[in-house]
Amino acid sequence: MLSLCLLLFLLFFVTMSKSMKGYGTKLTSFIVQRPNKREMVKQREFLPLELVSNILSRLPAKDLMKCKLVCKSWYILITDPYFITNYYAFYNNLMHCQTQERHLLVIRRPFLSSHKTFISLLSCILDEPKAHISSKLFNFSKEYNSDHKYWTEIMGPCNGIYFLLGNPNIMMNPSISQFKTLPQSYLTGPQGTYFLTEHAGFGFDSKTNDYKVVVIKDLWLMETDERKPMHWTAELYSLNSNSWRELDADGLPPPIEIWGSSKVYTFVNNCCHWWGFVDEYGRKEDVVLSFDMVNEVFRKIKVPIIRESSKEAFATLAPFEEAATIGVIVFPVQGTEKKSFDVWVMRDYWDDGSWIKKYSVGPIEMIYKIVGFYGSNQFLWVDKDEGLIFYEADSQQIKYLQVNGKNDSLGATLYMESLVSLQRRNDSSFQFVSCSFGADPMLNKKDY
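Owing to the predicted nature of the structure, the values given are computational and were not obtained by experimental measurement. (Residues numbered from 1 in each chain as written. Predicted model: local features only at pLDDT ≥ 70, side-chain atom pairs only at ≥ 80, totals over all residues. Heavy atoms only, no water.)

Asker: Tell me about the overall build of the protein chain, and name the residues and values.
Answerer: When its secondary structure is counted, the protein chain shows 7 helices and 27 strands. A burial count over the protein chain gives 51% of its 448 residues as buried. As displayed, the protein chain offers around 22,300 Å² of accessible surface, 53% of which is attributable to carbon and sulfur atoms. (Helix = DSSP H or I, 4+ residues; strand = E, 2+ residues; numbered from the N terminus. Buried < 20%, exposed > 50% of the residue type's maximum accessible area, 1.4 Å probe, protein only. Areas by Shrake-Rupley, 256 points an atom, 1.4 Å probe, with all protein chains shown as cover.)

Here it is in structure tokens:
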């Protein structure tokens, strides 16, 4: 860390000394002037751009936001789309390799009598049983810090962007302190129907450089108060337009039932996914429902018989092969004895017949719900006491992460540094929520 600080000091000194010759000694006017590419050319004459980029890529995102104010050449570099894309992979991989420390975004409702949701940034070395665990709590502004404002799911990271499903829906990049409230949806069902259940998906449209949220809603008949089985309506939010729109009837999901949204964020090949089933000749057959964020179409993915009954085993979707394909983790319904669980993977994402059973894990103490899966064999799950647990299959190491929830509210996902901005040209400041970070007084407390 000391060597990095020294390099940054030298880099700053050389850049400023060279730049001041052409722009005078008034630093304020030097910063405020609109950047131009000639400044970048000047810098190359005395300092290789690759060296500058390599050094700056080792800084956290918040520090880089300050570095944009140093000089025009740094501003141009840090805001360049190519640098932003490469930074995401370079910095996060570097931090993981150098420190072995993992950072998790954790969402939970710790009080039985309240809907109030707490979001925290948990830091620890997962594969060291006795390593110190620290946690910072997100402190939203007063209007979002009440029982009436709550979130039930956290999805991401998608290039460092996260989506909070709840009231209100929020898209955020916490590493640069951007928290954007999504507008309300005004979708109504066909006459004589209403909505009760929602399933959301979040992802990135690489074709239009847009972040989207899709919400599938079931239909209930007002007259009989009965649900229309396998009938859905859907709407799509676009960050670029900051608006919702209803998907056309031709684009609605095929006849399918959805077991529920997976707690493990599974955005693969531009598609988000849900675990569901179809009723074939009186027998429920598991399937996967996907939604393509680029082409905005649904797809039904067939699944082999990987469990005997939904009453005997749960199933959770997860990304595999560095998000190149999907898999399913099948684990027994909670019991008192130790049991094993199976991991199935699609070898070819576009081939429904390529499912294989990759490996089994256990026997281990029972899992209540899987909420995270990383690499090829690292699991995050919630135990019967609603505590967050990390498990590494090869070493069979179990680590309690000192975080507990209530009312089935606990969720977690990897935290990744990112420079991706949620700001769009037509955005106004009131759409963004202010947030600060403070100590987490509830760490390692099971009862409240």
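Asker: A description of the packing of aromatic side chains should follow, citing residues and the corresponding values.
Answerer: If you walk through the whole model with that rule in mind, you get 17 aromatic pairs. A centroid spacing of 4.7 Å and a plane angle of 55° characterise the contact between Phe291 and Phe298, whose relative ring orientation is tilted. Here a set of aromatic residues connected by ring pairs shows up, and it is made of Phe320, Phe341, Phe373, Phe379, Trp381 and Tyr391. Seen from the ring of Tyr349, Arg299 lies directly overhead, with NZ or CZ sitting 5.1 Å from the centre. (Phe/Tyr/Trp six-rings, centres within 6.5 Å; stacked < 30°, edge-to-face > 60°. Lys NZ or Arg CZ within 6 Å of the ring centre and 35° of its normal.)

Asker: I'd like to hear about the sheet that holds strand E4 (residues 150–158), residue by residue, with values.
Answerer: Ordered by their spatial adjacency, 4 strands build an open sheet running E4-E5-E6-E7, and the pairing between neighbours is antiparallel. A single partner strand is all that each edge strand has here, and the edge strands are E4 and strand E7 (178–181). Looking at each pair of strands side by side, their axes are set apart by 20° on average, direction ignored. (Pairing = 2+ DSSP bridges. Axes fitted to C-alpha atoms, helices over the stretch in contact; angles between N-to-C directions.)

Asker: Give a description of the layout of surface pockets that names residues and reports values.
Answerer: Counted as a void, the second largest pocket has a volume near 720 Å³. For the second largest pocket, the lining is made up of 29 residues, of which Thr152, Leu165, Gly166, Asn169 and Glu198 are closest to its centre. If you list the elements that add at least two residues to the lining of the second largest pocket, you get E4, strand E5 (161–167), strand E9 (198–205), strand E10 (210–221) and strand E13 (257–260). At 3 residues, the largest contribution of residues to the lining of the second largest pocket is made by E5. (1 Å grid on protein atoms, 1.4 Å probe; cavity = no way out; pocket = protein on both sides within 12 Å on 5 of 7 lines; lining within 4 Å. Points joined across faces, edges and corners; volume = space filled by probe spheres on them.)

Asker: Break down the pattern of salt bridges for me, with residues and values.
Answerer: Per the counting criterion, the structure on display carries 10 salt bridges. The salt bridge partner of Asp205 is Lys212, with a shortest N-O separation of 2.8 Å. Residue class for Asp205 comes out buried when judged on its relative accessible area of 2%. A residue is classified by how much of its surface remains accessible, and Lys212, at 4% relative accessible area, is buried. Linking Lys217 and Glu235 is a salt bridge whose minimum nitrogen-to-oxygen distance equals 3.0 Å. Linking Lys217 in strand E10 with Glu235 in strand E11 (residues 226–238), this pair joins segments that are 18 residues apart in sequence. On the basis of relative accessible area, Lys217 is assigned to the buried category, the value being 7%. (Salt bridge = Lys/Arg side-chain N within 4 Å of Asp/Glu carboxyl O.)

Asker: Account for the pairing of strand E6 (residues 170–173), with residues named and values stated.
Answerer: By the alternation rule, side chains of E6 split into Ile170 and Met172 and Met171 and Asn173, which are all buried. In this structure, E5 lies alongside E6, joined through 3 bridges in antiparallel fashion. Across the sheet, the residue bridging to Phe163 is Met171, located in E6. Here E5 folds back onto E6, and the loop between the two strands holds 2 residues. Here E6 runs beside E7; their pairing, made up of 4 bridges, is antiparallel. Within E7, the position partnered with Ile170 by the bridge is Thr181. Hairpin connection, E6 to E7: the antiparallel pair is bridged by 4 residues, and Ser177 has positive phi, about 60°.

Asker: Describe the confidence of the model for the protein chain, naming the residues involved and giving the relevant values.
Answerer: Across the protein chain, the average pLDDT comes to 81, with 81% of residues at 70 or higher. By mean pLDDT, helix H2 (residues 27–32) is the weakest element of the protein chain at 33, and strand E14 (residues 267–268) is the strongest at 96. Counting contacts from residues 13–35, a segment whose pLDDT is below 50, to residues more than four positions away or on other chains yields 33 contacts. (pLDDT = per-residue confidence, 0-100. Contact = heavy atoms within 4.5 Å.)

Asker: Explain unusual backbone geometry residue by residue, including any values.
Answerer: Between Asn167 and the following residue, Pro168, the backbone shows a cis peptide bond with an omega angle of 0°. The amide bond that connects Gly362 to the next residue, Pro363, takes the cis arrangement and shows omega of 5°. As for its placement among the helices and strands, Pro363 is situated in strand E21 (residues 355–364). The backbone of Glu321 sits at a positive phi, close to 55°, despite the residue not being glycine. Counting through the fold element by element, Glu321 comes out in the loop between strand E18 (313–320) and strand E19 (325–332).

Asker: Please give an account of empty space enclosed by the protein that cites residues and values.
Answerer: Inspection of every chain in the model, using the stated rule, returns 1 cavity of 30 Å³ or more. In terms of lining, the largest cavity is formed by Tyr368, Lys369, Val382, Glu386, Asp408 and Leu410. The residue makeup of the lining of the largest cavity, split by class, is 3 nonpolar, no polar and 3 charged. (Nonpolar A, V, L, I, M, F, W, Y, C, P; charged D, E, K, R; others polar.)

Asker: Account for the sheet that holds strand E3 (residues 134–140), with residues named and values stated.
Answerer: Pairing is antiparallel in the open sheet, where 5 strands are placed in the order E26-E1-E2-E3-E27. Only two strands of the sheet have a single neighbouring strand rather than two, namely strand E26 (411–414) and strand E27 (435–439). This sheet shows a mean twist of 30° between the axes of neighbouring strands, independent of strand direction. Bridge analysis of strand E1 (residues 102–108) against strand E2 (residues 118–124) gives 7 bridges, and the strand direction is antiparallel. Paired with Ile107 across the bridge in E2 is Ile119.

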